[in-house]
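# A structural walkthrough
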Amino acid sequence: MTLVAFGASVRGPAHEFAHTANQDALGLSGCRGGWFAAACDGLGSHAMSHAGSTAMMRAAKSVLCAEQTLPAHESLPELLHRAWIRELGALEPTSAGSTCLVARATRTGRVVFAQLGDGLLVVRSAGQTTVVTPRRQGFGNETDSLEEGHRPEQWLTGEAELTRPGDGVLLMTDGVSDDLQESLLPGFFTSLLHDLRARSRRSGKRWLERQFLNWPVPMHGDDKTLAAIFKVER
């Protein structure tokens, strides 16, 4: 068995119409024999939201791939926040807030993950699909996000083992997750795996982009980003 990874990010119709940048940032790369994945979403109310999400994606890679061994998931919130502040450089955190969904899988299938804010993190381990993200609270676009001060109580972290073919982890920004019913997520996971597992990473990226650009939900204005790591037979 081996690990494969896929991801794509497209600018939403609302941002195309307004001629503004994609506020999401996708991270997907090999990491010490395994994979690193990130899906970060800059806050639309912040002038430098696109820069904040990109800084978070880069910060997460620097933290999660720094060592051969996985960091303890409990330590991730503080490490990620500190690295994000460094990546921002001269940018003010108040102008560059972002949500955060990140994961790293080792070659053997051990996974650590972290989430701050909205979006969706789904894990399938030993054939069982778990929606890690709690039900969304608040109204409209309210969400927790990175800010100048570190607030550890807002973060969710954990770990899992990918032990069977078909196990994996999905990270989605809210442009995707808000249109998916929780009861249908196991089927969505299986369908994605079926359509992606035989593709190359480049072919998988193009396929995902086509799905996002032809998204079947009316008035879907938001940017859409998804990253996936699967364990498959080869």
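Look above for the structure.
Every residue gets a number counted from 1 within its own chain, in the order that chain's sequence is written. This being a predicted model, a pLDDT of at least 70 is required before a residue's local features are given, and a value of 80 or more before pairs of side-chain atoms are given or counted; all residues contribute to the totals for chains, interfaces and linings. To get the side-chain values, take all heavy atoms of the structure and skip hydrogens and water.

### Here we look at the side chain of T99
Numbered from the N terminus, helices here are DSSP runs of H or I no shorter than four residues, and strands are runs of E no shorter than two. Among the structural elements, T99 can be located in the loop between α3 (76-88) and β4 (100-105). It only takes one pair of heavy atoms within 4.5 Å for two residues to be counted as in contact. Apart from the residues lying within four places of it in its own chain, the contact partners of T99 are C40, D41, M56, L116, G117, D118, T143, D144 and S145.

### As for the packing of helix α5 (residues 185-196) against helix α6 (residues 201-213)
Inter-axis angles, ranging from 0 to 180 degrees, are taken between N-to-C directions of lines fitted to C-alpha atoms, where helices are fitted over the stretch in contact. Direction vectors running N to C along α5 and α6 enclose 130°, while the axes themselves pass 10 Å from each other. With respect to their mutual orientation, α5 and α6 come out oblique. The residues of α6 that touch α5, namely those facing L192, D195 and L196, are G204, W207 and L208. Under the scheme applied here, ten amino acids are nonpolar (Ala, Val, Leu, Ile, Met, Phe, Trp, Tyr, Cys and Pro), four are charged (Asp, Glu, Lys and Arg), and all others, including Gly, are polar. In the contact of α5 with α6, the residues fall into four nonpolar, one polar and one charged. When an angle is under 35 degrees it counts as roughly parallel; over 145 it counts as roughly antiparallel; between 65 and 115 it counts as roughly perpendicular; any other value is oblique.

### With respect to the pattern of salt bridges
We define a salt bridge as a side-chain nitrogen of Lys or Arg found within 4 Å of a carboxyl oxygen belonging to Asp or Glu. Summed over the entire model, instances satisfying the criterion amount to four salt bridges. A salt bridge links E78 to R82, with the shortest nitrogen-to-oxygen separation between them at 2.8 Å. In this pair, E78 and R82 both sit in helix α3, four residues apart, roughly one turn of the helix. With its nearest N and O atoms 3.6 Å apart, the salt bridge here joins E161 to R110. One end of the pair, E161, is in strand β8 (residues 155-161); the other, R110, is in strand β5 (residues 110-116), and 51 residues separate them in sequence.

### A short note on the environment of F189
With respect to the helices and strands, F189 occurs in helix α5. The sequence separation of F189 and G34 amounts to 155 residues, and the corresponding C-alpha distance is 20 Å. With sequence-adjacent residues up to four places away left out, F189 is seen in contact with V122, R124, G166, D167, G168, V169, L170 and F230.

### Some points on α6
Working rule for helices: expected span equals 1.5 Å times residues minus one. Relative to the 18 Å expected for 13 residues at 1.5 Å per residue, α6 spans 18 Å between its end C-alpha atoms, a close match to the ideal helical length. Here the buried face of α6 lies against β1 (2-10), α4 (174-177), α5 and β10 (224-232).

### Topic: the sheet that holds β5
Strands qualify as paired when DSSP identifies two bridges or more between them. Read across the sheet, five strands follow the order β2-β3-β4-β5-β8 without closing on themselves; strand pairing throughout is antiparallel. Either end of the sheet is taken by a strand with one partner, and the two such strands are β2 (24-31) and β8. Within the sheet, the average angular offset between the axes of one strand and its neighbour, ignoring direction, is 10°. The strands touched by helix α2 (residues 49-64) within the sheet are β2, β3 (34-41), β4 and β5, with β3 carrying the most contacts at an inclination of about 155°.

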